[in-house]
Amino acid sequence: MILKINFRGIFLAKCLVVLFSCIKGSANEAPKAYGIQNGSVFLNIPDFKVEKRHEISWFKITSLLVKVKNSTVKHYRDIEKYMMFLNGTLKIDRLVEEDSGNYNVKVYDDRGQLQVEKYLILNVQEIVSKPEIKWICSEKLIKVICEVKQKNKPALHLLQNNRMLSVNGPIYTNGTWKIEYPPKARILTAKFQCEVKNDVSKRTDDQEIKCSGPLDIVLIGSIAGGSVVFIIFLALLIYCIRKNRAERYEEQDDETPMQIRQVGDELKYQELPQSPVHAPQKQPCQQQRPPPQSQTLYQVVPPRPRPRTQLKSPSHMKERP
């Protein structure tokens, strides 16, 4: 009797294990649908042709959303969010992250017998943001960083010259997902591409990075020595140019008085032949001017005493009476 009970218990346990594995396998095999936040999605009944006589009901987990029977649609949840067509397709509008989850649909015939039951998994995701490539190029470190600012975890990839790089991450800090790649080369010149994507969108960023990497002491000394030599050469060149200009200015200053003297001498020689022409005209003027002055003096002096005599005559006339 004890053996029979143990046998029955073992058999029942095996049946439960098989049933659990079947349910788990069916859940894993459920088709997936993807929707974009604030967008719309259509959930179809896979591998089944719906007829008018069928009754169709859509559920989210165990909550009834909408049902169609005899070509009449009846809503049990938000009518503006859920809409079902006569062919059994369910449309969900204004998607949010909470709309993600398991959905199932049941189809009955006109006698009320279950014809088909399907499960779907809806995943609502946001459109990924544009990524950005940054890099650090210093004497101690070279690092290429690919980052994107968004809430949900995306798939981040970094490519060098169209070759996928193996990096850890991504790491989330302060609202930013990022991956980092430290090249082993001391000098880096390459084209990098940062790729971020999810099931509904994909964006990339391309950058060409030129980084000399850590510098050696010999290289630093050679650069410094070359710069000093260049500065000395430039200073000597400027000094020579200024000296040449100063010498030219001095030569020009010495030549200008000589040129002025030559011009003055030429002007003197040009004025000498004109002087005898004007001389005879000046001499008669000097000889002829005095005689008219003497004549005018002799002519003006005699009339002056006449008015004096006329003035004296009335005085003598007054004394007589």
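Further up the page is the structure itself.
The shown structure was predicted, so the numbers you read here are calculated from the model rather than taken from an experiment.

Draft legend 1. Layout of the overall build of the protein. Looking only at helices and strands, one finds 5 helices and 17 strands in the protein. Across the 321 residues that make up the protein, the buried fraction comes to 23%. Long-range pairs, those at least 24 residues apart, make up 57% of the contacts in the protein between residues at least 6 apart in sequence. Counting every atom, the protein has about 24,500 Å² of accessible surface; 57% of that belongs to carbon and sulfur.

Draft legend 2. Expanded view of the pattern of salt bridges. Throughout the structure, instances matching the rule amount to 12 salt bridges. Linking lysine 91 and aspartate 93 is a salt bridge whose minimum nitrogen-to-oxygen distance equals 3.7 Å. Lysine 143 serves as the salt-bridge partner of glutamate 180, at 3.3 Å between the closest nitrogen and oxygen. Here the residue glutamate 180 occupies a position in strand β15 (residues 176-181), and lysine 143 occupies one in strand β11 (residues 142-149), the gap between them amounting to 37 residues. Look at the salt bridges and you will find they share partners, linking Glu51, Arg53 and Asp110 into a network.

Draft legend 3. Fine view of the pairing of strand β5 (residues 72-75). Here 4 bridges tie strand β4 (residues 63-69) to β5, and the two strands are oriented antiparallel to one another. Looking at the pairing, valine 66 lines up with histidine 75 of β5. With antiparallel pairing between neighbouring strands as the criterion, β4 and β5 make up a hairpin whose turn holds 2 residues, including asparagine 70 at a positive phi of roughly 55°.

Draft legend 4. Spotlight on the side chain of glutamate 195. Mapped onto the secondary structure, glutamate 195 falls in strand β16 (residues 188-197). When its relative accessible area of 10% is taken as the criterion, glutamate 195 is described as buried. Of the polar contacts made by the side chain of glutamate 195, one reaches the side chain of lysine 202; its length is 3.3 Å. The residues contacting glutamate 195, other than those within four sequence positions of it, are Ala155, Leu156, His157, Leu159, Lys202, Arg203 and Thr204.

Draft legend 5. Focus on the sheet that holds β11. Taken in spatial order, the 4 strands of this open sheet run β10-β11-β15-β14, and their pairing is antiparallel. In this open sheet, the two strands that pair with only one neighbour each are β10 (132-137) and β14 (171-173). On average, each strand axis in the sheet is inclined to that of its neighbour by 30°, with strand direction left out of account. Of the pairings in the sheet, the one linking β10 to β11 comprises 6 bridges and is antiparallel in character.

Draft legend 6. How the structure looks around the packing of aromatic side chains. The full count for this structure, using the stated rule, is 1 aromatic pair. Between tyrosine 172 and tryptophan 177, the ring centres sit 4.7 Å apart and the planes meet at 50°, which makes this aromatic pair tilted. By relative accessible area, tyrosine 172 is classed as partly exposed at 41%. The ring of phenylalanine 59 carries lysine 106 above its face, with NZ or CZ at 5.3 Å from the centroid.

Draft legend 7. Focus on the state of the cysteines. In this structure the tally under the stated criterion is 2 disulfides. The residue that forms a disulfide with cysteine 146 is cysteine 194, at a sulfur-sulfur distance of 1.6 Å. In this pair, cysteine 146 sits in strand β11 while cysteine 194 sits in strand β16, placing the two residues 48 residues apart along the sequence.

Draft legend 8. Examining the side chain of aspartate 93 more closely. Along the polypeptide, aspartate 93 turns up in the loop between β7 (90-92) and β8 (101-108). Among the polar contacts made by the side chain of aspartate 93, one reaches the side chain of serine 40 at a distance of 2.8 Å. Setting aside anything within four residues of it in sequence, one finds aspartate 93 in contact with Gly39, Ser40, Glu80 and Lys81.

Draft legend 9. View of the pairing of β8. Sheet topology note: the strand β3 (residues 55-60)/β8 ladder contains 6 bridges and is antiparallel. Bridge assignment links serine 57 to a residue of β8, and that residue is lysine 106. Sheet topology places β8 next to strand β9 (residues 114-125); 8 bridges connect them, and they run antiparallel. Within the sheet, the bridge partner assigned to tyrosine 103 lies in β9 and is leucine 120.

Thresholds applied
- Note on numbering: residues in each chain are counted from 1, in written sequence order.
- It should be noted that, the model being predicted, local features are given only for residues of pLDDT at least 70 and side-chain atom pairs only at 80 or more, the latter also being counted only at that level, while totals for whole chains, interfaces and linings use all residues.
- Heavy atoms throughout the structure, all of them, feed into the side-chain values; hydrogens and water do not.
- In DSSP terms, a helix is any run of H or I states spanning at least four residues, a strand is any run of E spanning at least two, and both are numbered starting from the N terminus.
- Burial here depends on accessible area, computed with a 1.4 Å probe over protein chains only, as a share of the maximum for the residue type. Under 20% is buried, over 50% is exposed, and the range in between is partly exposed.
- Here, residues are in contact when the closest pair of their heavy atoms is within 4.5 Å.
- All accessibility values rest on the Shrake-Rupley procedure with a 1.4 Å probe; residue burial counts only the protein chains present in the view.
- The working definition used for a salt bridge is a side-chain nitrogen of Lys or Arg within 4 Å of a carboxyl oxygen of Asp or Glu.
- Following DSSP output, two strands are said to pair if at least two bridges run between them.
- Two N or O atoms count as a polar contact when they lie within 3.5 Å, although within protein this holds only if one can serve as hydrogen donor and the other as acceptor, and sequence-adjacent residues are included solely when both atoms are side-chain atoms.
- To obtain each axis, a line is fitted to C-alpha atoms, and for helices this fit is confined to the stretch in contact; angles are then taken between N-to-C directions over 0 to 180 degrees.
- Only Phe, Tyr and Trp rings are paired, with Trp represented by its six-membered ring, and only when their centres lie within 6.5 Å; those with planes under 30 degrees apart are stacked, over 60 edge-to-face, the remainder tilted.
- A positively charged side chain is recorded as over a ring if its NZ (Lys) or CZ (Arg) lies within 6 Å of the ring centre. The angle to the ring normal must also be within 35 degrees.
- Only a pair of cysteine sulfur atoms within 2.5 Å counts as a disulfide in this structure description.

Coordinates in, geometry out; function isn't part of it.
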